[in-house]
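# Chains, contacts and geometry: an overview
Listed here are the chains, written in short residue letters.
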Amino acid sequence: MHIDKLEKKWAAISLLIAALFVSVILGSAFFHGIHAPSNVETIDSAKLHLSAEFAEDKLGAQQNPDGSLTVRMVAGRYGFFPKTLTLPAETNITFRWVSLDVIHGVHIPMTNMSTMIVPGYVAQVKTLLHQTGDYPMLCNEYCGMGHAHMWSNIKVVSKEQWQALNKQGENHG
Amino acid sequence: MNNLTEEERKKILESSPVGTWALIIIVSSGMVIAWLLMYYGVFLPRGPIG
């Protein structure tokens, strides 16, 4: 097959740009120790309310002995439960999500937090929230007629504020 | 192009496409710079997910 010399040069430039992007991503992943989320854990979506981890009174943020947080949330048509959360900034947070019906997605704009929530599986993502403020939490996977209304709120406060809220028992998370 | 002699026409067709190269360099470098700014300026500062 004959390929024009000029066309080969153009293809080489495109491939070089793609190779540059991939090497930058891989380089920074190695340098910063970034691992793609890879948790595979199954759960019975029909019995979440009976499960030890995702029963209604277990949802929200829980502080671990090392100071990090585990946030457990349930996604269902058309909302995330609990509806509001207050979380500390600059704290290692492990989000654990389950769906009680269909496939949902969760995205917190202005952060890198985004994942798909597949029924039957626990979606787990570890992250840090740097900036304090109010964030919406949106479903980004079409889940039915009410998909556009499926959202809730996260309030990110400083670590000190979060500790104070927890002591006063006002924290929804 | 119609007013060119056959010799001039041949010279143009056989010469390097300077304008195209200039355009490709400007567009490619613009895209690479914009991508690097988004990656290092927006994506990484938001914190990794894992």
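Structure shown above.
In short, a report on the structure. (Residues numbered from 1 in each chain as written. Chains lettered and ligands numbered in written order. Predicted model: local features only at pLDDT ≥ 70, side-chain atom pairs only at ≥ 80, totals over all residues. Heavy atoms only, no water.)

### Digging into the overall build of chain A
From N to C terminus, chain A includes 2 helices and 10 strands. Along its sequence from the N terminus, chain A presents helices and strands in the succession α-β-β-β-β-β-β-β-β-β-β-α. A compact globule built from 173 residues should have a C-alpha radius of gyration of about 16 Å, whereas chain A, at 20 Å, is more than 25% larger. With the C-alpha coordinates aligned to their principal axes, the bounding extent of chain A is approximately 70 × 40 × 30 Å. Put simply, of all contacts in chain A between residues at least 6 apart along the chain, 62% involve residues at least 24 apart. The averaged location of the 14 negative side-chain charges in chain A is 5 Å from the averaged location of its 13 positive side-chain charges. (Helix = DSSP H or I, 4+ residues; strand = E, 2+ residues; numbered from the N terminus. Rg over C-alpha atoms; globule rule 2.2 N^0.38 Å. Contact = heavy atoms within 4.5 Å. Lys, Arg positive; Asp, Glu negative; His and termini not counted. Charge placed at Lys NZ, Arg CZ, Asp CG, Glu CD.)

### A look at helix α1 (residues 5–32) of chain A
In this model α1(A) runs 40 Å from its N-terminal to its C-terminal C-alpha over 28 residues, within 8% of the 40 Å that 1.5 Å per residue would give. Taken together, the buried positions of α1(A) are A:Ile17, A:Phe21, A:Val24 and A:Ser28. Contacts made by the buried residues of α1(A) are with α2 (18–43) of chain B. Its side-chain oxygen 2.9 Å from the backbone nitrogen of A:Leu6, A:Asp4 forms the N-cap of α1(A). Following α1(A) by one or two positions, A:Gly33 has its phi on the positive side, about 65°. (Expected span 1.5 Å × (residues − 1). Buried < 20%, exposed > 50% of the residue type's maximum accessible area, 1.4 Å probe, protein only. Polar contact = N/O pair within 3.5 Å; in protein donor to acceptor, adjacent residues only side chain to side chain.)

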